[in-house]
Amino acid sequence: MPLFKRKPFGLAEPPEDLDPHELVYQVRFTKEIFRDYQEYLNRINLYRQRVWMCKSTGKSNLTYEEALVSEKHAIQKVQQLPNELAVPALHIIQFSMLSLRDLADVIAKKLQKDLFVGAQLYGRKDGGLYPCRVLKLVENGVDKIQYEVAWVGKNKETTESAILLGEDLVWKKTPFSRDILKSFIRESTCRSIPWVLHEKLAQKHGISTDPPKELRSRFFFQDGQLVNRMKKRKNKNTNNVGEINEESGKSKRMKGETGKSDSMKNSNEENDQPEEEPVKYPIDDLLLQPGPDDPLFTDRPSPSRDFNVPMDCVGDLLMVWDFCSSFSRLLHLWPFSLEDFENAICHKDSNLVLIAETHSALLRLLIKDDGDYSLALQKRKRKPKISLITWTEYICDFLEMINITELCSYMSTIKRGHYGLLDTNAKLGVLRELVSHALETDLIRGKLDEHIEQRQALGATRRGEALEYARKKREEKEQLKDESGGDGLLKENSMESTGSNPHIAENGNPIIKTGKMVEEVISSRQNNAVYNRRQLDCPSKKTEEKQNVDPKAETEIITNSNEKEAQKHLAGDKKEAEERKSKEKREQRREYLEREMEKRSVRTNSLGKDRDYNRYWWFRRDGKIYVESSDAKQWGYYSTKEEVDALIGSLNYKGERERALQKQLEKFYGKICLELQKRSKDLAHKIALEEAVLRRSTRVRAPPRENPANAFLNYVNKWKED
């Protein structure tokens, strides 16, 4: 069970006298039952806080449900540890005083030396290392053990066997990671340092439960638990001191409590009623109730459902089209729109170029992979080149290979050359199987690995640039602080030096650097003492000195100060312009990296779910937002910006699912609107062309324009392999 503050957390007991027909609230993942809705909400909010720890892996900062899932996965991995390795590992763990990390390292080194039946590793053959599997252990003499291994081929099929020494067998990586070993240690023990195995587990494998000699002076067993002698003595001493203090303070407390008891009775009666805690949002969407602080939600628009294919085929249609669009370069298949693909699937012509090229591209990929399909073609002595005439024969070979009864029933129709007469379910069923087999090929997996590496590299570049920018900003701030500190010191020194100067005090200027005024300042400093002595005798000299200041110097000071202010403004404007340019460059760079990452997308994920678990999809190459019902039987779509705005306005941010969906819609809002506007322009252009065809003048002998709705008939694969 997950740990709360590193300690076990007890679940709530079910209510007493529970009526079988009584309506209650149940926590889905703990099966706890509550009568009171507020208690249920409080417990749910506690489980959703990131204060839980996985008992098996030690991961912290998890929700209760995440900790449960982590424990489940850890236990599944631990159970993969074979018995041949588990027993020696348990012997190492029992009464070990090592830390968890060091203990896991010791066990890992031990397991690398001990080989077991079924271990998959690499063996030396003909001067190289080749994958193999241990079949059995062959004892040769007292100390030497040999191993019978089977060599594993490319398709994970065993070819031949051989007998090797332990020196000739190599682990390219440890059989079990350190994290799995740590989970194994935690699951197997009831206490740490010294690590003690569960009693039943130790008895099962014949491991001694008596502590070794070096630990008997420090630890002993009491009621089935290992107890530290020193800690027990300390606890006894503290308990004795506590009893003495309690007896001495009992009389004092009795005197104070008798006076307070009467006054506290009324307040206790008032405080007995529990205060209702405010609900912490988000919560499950189905538990939401209308509140006074709710915004004015818009009515959710009903999605359009005018598909040409049957409703139960829309999911397969989207999946096949998205795969062909995502891997069009690898398939050597010129991209086509979803609308053209849908029209082609529904068309009854048996030799449509778009359909033939799609099937041929997927079949060529399977042939290049040298898998089961390639072997089947070699047995039939088929040529690897697929043409627009022979592609149906290769389809029949594929259907025979997969041997699905429902699809094999269509082979007679396909062989007669009437592929177009198949119903939509059959056509999409064949394409679905082709795509699922294509996903298992090494070419597609290699491309996916390449995309993942490139996305990680682009993400690392983006993070690195953001960190570098933040570092520069931090350095600039520190530099400004240092400069402001230095300016402050200069100002203090200048104030001290000019405090006794009447000329500077009267003008209100800082240190003046014009020639005549500098001389006056110096002379005034030198004659400061004389001036102070004569001030009482000659009061009129102050006014005379004021009148003797050169007016040209004053005008120079004013012009210099104005020039400095103008220069400061210019420098500030330049700095703002530079900052604006750098910000634009950073935005452009960030958008470029995001575009590159989108190009290397591994899979299309849904935007999220609404209150009723309807799933929302957005395909970058199509523009529309598709809505899939919770049971995947109904589909719809939104194709205008107004519908998207109404959808966003209808989502309740207090619900878990709708808040996540709203965030995703707002994140991609700009791109979605751009694609929808582009789509609406293309649609308006197509409508205009169709009307132009209808209104064509009979006096003009020019040939009529082609209807855009039939564009799929003119499809040409420009990336086709020669």
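Higher on the page you've got the structure.
These numbers were taken from a predicted model, which means no experiment stands behind them.

Caption draft 1: Layout of the overall build of the protein chain. When its secondary structure is counted, the protein chain shows 26 helices and 18 strands. Scored against the burial criterion, the 722 residues of the protein chain give a buried share of 32%. Counting only contacts in the protein chain whose residues sit at least 6 apart along the sequence, the fraction spanning at least 24 positions is 58%.

Caption draft 2: Focus on empty space enclosed by the protein. Enumeration according to the criterion identifies 2 cavities of 30 Å³ or more in this entry. What the largest cavity holds in volume is close to 40 Å³. Surrounding the largest cavity, Ala344, His347, Asp349, Ser350, Leu352, Ile355, Trp391, Tyr419 and Lys427 form its lining. Looking at the lining of the largest cavity, its residues break down into 5 nonpolar, 2 polar and 2 charged.

Caption draft 3: Molecular detail of the sheet that holds strand β1 (residues 3-4). Strand order in the open sheet formed by 3 strands is β2-β1-β5, with antiparallel pairing between adjacent strands. Either end of the sheet is taken by a strand with one partner, and the two such strands are β2 (7-8) and β5 (52-53).

Caption draft 4: Looking closely at a positive patch on the surface. On the surface, a cluster of positive charge is contributed by Lys473, Lys477, Lys481, Lys575, Lys583 and Arg586. For the positive patch, the elements supplying multiple residues, two or more each, are α18 (442-498) and α23 (551-599). Position of Lys575 among the secondary structure elements: in helix α23. Of the residues examined, Lys575 reaches a relative accessible area of 47% and is grouped as partly exposed.

Caption draft 5: Just helix α13 (residues 372-380), in detail. All of the buried residues along α13 are Tyr373, Ser374 and Leu377. The buried residues of α13 occupy an angular sector of 100 degrees when the element is viewed end-on, so they sit on one face. For α13, the exposed residues lying more than 90 degrees away from the buried face are Asp372, Gln378 and Lys379. Buried-residue contacts for α13 involve α12 (353-368) and α14 (391-402). A positive phi of about 60 degrees marks Lys381, the residue just after α13.

Caption draft 6: Structural view of unusual backbone geometry. At the junction of Tyr281 and Pro282, the peptide bond is cis and its omega measures out at 5 degrees in the coordinates. Here Lys381, not a glycine, exhibits a phi torsion of approximately 60 degrees, which is positive. For Lys381, the location among the structural elements is in the loop between α13 and α14. A relative accessible area of 75% places Lys381 in the exposed class. We note that Ala632 has phi near 60 degrees; this positive angle belongs to a residue other than glycine. Mapping Ala632 onto the fold places it in the loop between β17 (625-628) and β18 (635-638). Given a relative accessible area of 40%, Ala632 falls into the partly exposed group.

Caption draft 7: Examining the sheet that holds strand β10 (residues 169-170) more closely. Pairing is antiparallel across the open sheet formed by 5 strands, whose spatial order is β9-β8-β7-β6-β10. Unpaired on one side and paired on the other, β9 (158-165) and β10 mark the two borders of the sheet. Inspection of the sheet shows strand β7 (residues 128-139) paired to strand β8 (residues 145-152) by 7 bridges, in the antiparallel sense. Counterpart to Lys136 in the pairing with β8 is Glu148.

Caption draft 8: Local environment of the packing of aromatic side chains. The full count for this structure, using the stated rule, is 26 aromatic pairs. Measuring from centroid to centroid gives 5.1 Å for Tyr25 and Tyr37, while their planes differ by 55 degrees, and the two rings are tilted. Of this pair, Tyr25 sits in strand β3 (residues 25-26) while Tyr37 sits in helix α1 (residues 37-48), and the two are 12 residues apart along the sequence. Judged by its relative accessible area of 30%, Tyr25 is partly exposed. An aromatic cluster is built from Phe4, Phe9, Phe29, Tyr47, Trp52 and Tyr64, whose rings are joined through pairwise contacts. The side chain of Lys624 reaches across the aromatic face of Tyr637, ending 4.2 Å from its centre. One residue, Arg657, lies across the ring of Tyr613, its end atom 3.8 Å from the ring centre.

Caption draft 9: Local environment of the packing of α12 against α14. With their axes 10 Å apart at the nearest point, α12 and α14 run at an angle of 50 degrees to one another. In terms of their interaxial angle, α12 and α14 are classed as oblique. Here α12 and α14 pass one another in a crossing that is left-handed. Along its contact with α12, which presents Ile355, Ala356, His359, Ser360, Leu363 and Leu366, the element α14 presents Trp391, Tyr394, Ile395 and Phe398. Along the lines of polarity and charge, the residues of the contact of α12 with α14 split into 8 nonpolar, 2 polar and no charged.

Caption draft 10: The arrangement of a negative patch on the surface in detail. There is a patch of like negative charges on the surface, built from Glu476, Asp573, Glu576, Glu578 and Glu579. Element by element, the count of residues in the negative patch is highest for α23, at 4 residues. Take Glu476: it is sitting in helix α18. Overall, Glu476 belongs to the partly exposed group, its relative accessible area being 43%.

Caption draft 11: The arrangement of helix α9 (residues 314-326) in detail. If you check α9, its first and last C-alpha atoms are 18 Å apart, about what 13 residues at 1.5 Å a residue would give, namely 18 Å. By the burial criterion, the buried members of α9 are Val314, Leu317, Leu318, Val320, Trp321, Asp322, Phe323, Cys324 and Ser325.

Caption draft 12: Structural view of the side chain of Asn652. Structurally, Asn652 can be placed in the loop between α24 (641-649) and α25 (656-667). For Asn652, a relative accessible area of 13% translates into the label buried. A distance of 3.1 Å separates the side chain of Asn652 from the backbone nitrogen of Lys654, its partner in a polar contact. Leaving out residues up to four positions away in the same chain, Asn652 has contacts with Leu288, Phe297, Glu658 and Arg659.

Caption draft 13: The arrangement of the pairing of strand β16 (residues 615-618) in detail. Pairing between strand β15 (residues 608-609) and β16: 2 bridges, direction antiparallel. Looking at the pairing, Gly608 lines up with Tyr616 of β16. What sits between the antiparallel neighbours β15 and β16 is a turn of 5 residues, in which Tyr613 has the positive phi angle 65 degrees. Of the pairings in the sheet, the one linking β16 to β17 comprises 4 bridges and is antiparallel in character. In the strand pairing of β17, Arg615 is matched with Glu628. Between β16 and the antiparallel strand that follows it, β17, lie 6 residues; Gly623 among them carries a positive phi value of about 100 degrees.

Caption draft 14: Here's a closer look at the pairing of β9. Here 6 bridges tie β8 to β9, and the two strands are oriented antiparallel to one another. Residue pairing in the sheet places Ala150 in a bridge with Ser161 of β9. Hairpin connection, β8 to β9: the antiparallel pair is bridged by 5 residues, and Lys156 has positive phi, about 60 degrees.

The rules we used
Residues numbered from 1 in each chain as written. Predicted model: local features only at pLDDT ≥ 70, side-chain atom pairs only at ≥ 80, totals over all residues. Heavy atoms only, no water. Helix = DSSP H or I, 4+ residues; strand = E, 2+ residues; numbered from the N terminus. Buried < 20%, exposed > 50% of the residue type's maximum accessible area, 1.4 Å probe, protein only. Contact = heavy atoms within 4.5 Å. 1 Å grid on protein atoms, 1.4 Å probe; cavity = no way out; pocket = protein on both sides within 12 Å on 5 of 7 lines; lining within 4 Å. Points joined across faces, edges and corners; volume = space filled by probe spheres on them. Nonpolar A, V, L, I, M, F, W, Y, C, P; charged D, E, K, R; others polar. Pairing = 2+ DSSP bridges. Patch = residues over 30% accessible without salt bridge, like charges linked within 9 Å, V, L, I, M, F, W, Y side chains within 5 Å. Areas by Shrake-Rupley, 256 points an atom, 1.4 Å probe, with all protein chains shown as cover. Salt bridge = Lys/Arg side-chain N within 4 Å of Asp/Glu carboxyl O. Lys, Arg positive; Asp, Glu negative; His and termini not counted. Charge placed at Lys NZ, Arg CZ, Asp CG, Glu CD. Arc of directions from axis to C-beta. Phe/Tyr/Trp six-rings, centres within 6.5 Å; stacked < 30°, edge-to-face > 60°. Lys NZ or Arg CZ within 6 Å of the ring centre and 35° of its normal. Axes fitted to C-alpha atoms, helices over the stretch in contact; angles between N-to-C directions. Parallel < 35°, antiparallel > 145°, perpendicular 65-115°, else oblique. Left-handed = near helix turned anticlockwise from the far one by under 90°. Expected span 1.5 Å × (residues − 1). Polar contact = N/O pair within 3.5 Å; in protein donor to acceptor, adjacent residues only side chain to side chain.

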